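One-letter residues, chain by chain:
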Amino acid sequence: MAALTGAEALAKHAAGESLARANLARANLSGAYLREANLGGADLREANLREADLGEADLYGANLRGANLYGANLRGARANATTQWPVDLLAALGVVVAG
C-alpha cells in the first residue's frame, strides 16, 4: 500500500477544517472524516472517497467528477449548481432506481 501524500494525510481527519480550493484530485481519502469540512471549490476529481464522512460538508463549487463516493455519508452536505458530481452518483451511493 502506498504512503499517503501530505494532502491526503491532512485531509483524512479534517472535520470542520477548511480545505477550500484544495487540490485533492486522485487522492485516497477512503474512510476520511470530513464532517462539516469546507471543501468549497476543491478539486476532488477521481478521488477515492469510499465510506468517507462528508456529512454537513460545504461542497459549493467542488469538482467531484469521477470520484468514488460508494458508501459515503453526504447527509446534510451543501452543494450548489456549480458543484460537479460523478456521472454515476446514484450507483456510487448504492441507490437502486426502480424501472
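Criteria and thresholds
- Residues numbered from 1 in each chain as written.
- Predicted model: local features only at pLDDT ≥ 70, side-chain atom pairs only at ≥ 80, totals over all residues.
- Heavy atoms only, no water.
- Helix = DSSP H or I, 4+ residues; strand = E, 2+ residues; numbered from the N terminus.
- Buried < 20%, exposed > 50% of the residue type's maximum accessible area, 1.4 Å probe, protein only.
- Contact = heavy atoms within 4.5 Å.
- Areas by Shrake-Rupley, 256 points an atom, 1.4 Å probe, with all protein chains shown as cover.
- Salt bridge = Lys/Arg side-chain N within 4 Å of Asp/Glu carboxyl O.
- Polar contact = N/O pair within 3.5 Å; in protein donor to acceptor, adjacent residues only side chain to side chain.

A. Spatial organisation of the overall build of the chain. The secondary structure content of the chain amounts to two helices and zero strands. Relative to its 99 residues, the chain shows a buried fraction of 38%. A sequence separation of at least 24 residues applies to 3% of the contacts in the chain between residues at least 6 apart. In the structure as shown, the chain presents an accessible area of about 5600 Å², 50% of it carried by carbon and sulfur atoms.

B. The arrangement of the pattern of salt bridges in detail. Tallied over the full model, the rule gives three salt bridges. Each of the salt bridges in this network shares a partner with another, and the network as a whole consists of Arg-35, Asp-53 and Glu-56.

C. Looking closely at unusual backbone geometry. Of note, the phi angle at Arg-26 is positive, near 65°, even though the residue is not glycine. Relative to the helices and strands, Arg-26 resides in the loop between helix 1 (6–12) and helix 2 (89–92). Of note in the backbone geometry, Glu-36 takes a positive phi value of approximately 60° without being a glycine. Within the secondary structure, Glu-36 is located in the loop between helix 1 and helix 2.

D. How the structure looks around the side chain of Asp-53. Position of Asp-53 among the secondary structure elements: in the loop between helix 1 and helix 2. Judged by relative accessible area, which is 16%, Asp-53 ranks as buried. Here Gly-55 takes part through its backbone nitrogen, which lies 3.0 Å from a polar atom of the side chain of Asp-53. Beyond its immediate chain neighbours, meaning those up to four positions away, Asp-53 contacts Ala-32, Tyr-33, Leu-34, Arg-35 and Asn-73.

E. Representation of the environment of Gly-76 within the structure. Looking at the element boundaries, Gly-76 is found in the loop between helix 1 and helix 2. A C-alpha to C-alpha distance of 5.5 Å links Gly-76 and Gly-55, two positions 21 residues apart in sequence.

F. Molecular detail of the side chain of Asn-63. Of note, Asn-63 is situated in the loop between helix 1 and helix 2. From its side chain, Asn-63 meets the backbone nitrogen of Arg-65 in a polar contact 3.0 Å long. Excluding residues that lie within four positions of it along the chain, Asn-63 makes contacts with Ala-42, Asp-43, Leu-44, Arg-45 and Gln-84.

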